[in-house]
Amino acid sequence: VASELVQMKKRDVERGIESGKDLLTLLSKSSRCLPSCRCLISPVRSNSAQDLPEEQRISDADILHNINTFLFAGHDTTSLALAWTLVLLAKHPHMQTRLRTELQTIPRPNTLNDDETQALYAQIATLPYLDNVVRESLRLISPVHSSMRVATVDDYIPTSVPFLGADGRMHEGITIRRGTYIHVPIEGMNLDRKIWGDDAWQFVPDRWDQLSEAVLQLPGLYSNILTFS
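Residues numbered from 1 in each chain as written. Predicted model: local features only at pLDDT ≥ 70, side-chain atom pairs only at ≥ 80, totals over all residues. Heavy atoms only, no water.

**Topic: the environment of A200**
Selection criterion: Note on conventions: DSSP H or I runs of at least 4 residues are helices, E runs of at least 2 residues are strands, and numbering of each starts at the N terminus. Any two residues whose heavy atoms approach within 4.5 Å at even a single point are treated as in contact.
On the secondary structure map, A200 appears in the loop between α9 (193-196) and α10 (213-216). Between the alpha carbons of A200 and L140 there is a distance of 7.8 Å; along the sequence they are 60 residues apart. Not counting the four nearest positions on each side in its chain, A200 is found in contact with R139, L140, L191, D192, R193 and R207.

Have a look at this one:
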């Protein structure tokens, strides 16, 4: 479908038709570069420019990858995270009531211009129980349960504790050969009872008020969880 969209966009550009609301156009118009910069021009239209060097052109494959990234990394994950958060709150009515009570402490403005939106967000971002609920939902039901990577070079990965290998010897790491597929168990890390405790598989937002040392040692882009890779 994404590939068909790219080709359709190309035909529209050739006929001088270009919508300002489609993803391909919005991709470029979100730029903050100088007006003369080609970033402000739709990637498809920019590629059709006769004076553009070949190395500066964006391939159809790259445009396709951008579309897929927006759909899967931006849209699908966000909607899944929100949906599961609502499901978890629906299953725990007392937590839902507690969160609603906290949210109602924020006065609702009559209008929402840009400044008012920013001010409202700043207030909401300080709510402690909302923060706990979001973190716990992202931990318990990660929108992406696992990820895959491919080793580009031979490498050696140390393990947190020694393990008994198939050769009957104890090892402190794993040798990885170039081209090896690596499965990253996001869900497994977020739900490990040895790290998160016996209630690791339960929805407990209050856990974020007093994290264990094992959790605090976990690296993570957000909140010591692997949800964001």
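**Description of the packing of aromatic side chains**
Formally: A pair of aromatic rings is counted whenever rings of Phe, Tyr or Trp (Trp by its six-membered ring) have centres within 6.5 Å, and the orientation is called stacked for planes under 30 degrees apart, edge-to-face for over 60 and tilted otherwise. Three labels apply to residues, based on accessible area from a 1.4 Å probe with only protein chains included: buried if under 20% of the type maximum, exposed if over 50%, partly exposed otherwise in between. Look at NZ for Lys and CZ for Arg. If either is within 6 Å of the ring centre and within 35 degrees of the ring normal, a charge sits over the ring.
Overall, the coordinates contain 2 aromatic pairs when judged by the stated rule. Ring plane angle 55 degrees and centroid distance 5.6 Å describe the contact between W196 and W208, whose orientation is recorded as tilted. With W196 in helix α9 and W208 in the loop between α9 and α10, this residue pair connects regions lying 12 residues apart in the sequence. Here W196 and W208 have matching classes, each one buried. When the centroid spacing of 5.9 Å and the interplanar angle of 90 degrees are considered together, the rings of Y222 and F228 count as edge-to-face. Exposure remark for F228: the relative accessible area of 42% places this residue in the partly exposed category. The ring of W196 has R139 lying over it, and the distance from NZ or CZ to the ring centre is 5.2 Å. Looking at R193, its charged tip hangs above the ring of W201, at a distance of 4.5 Å from the centre.

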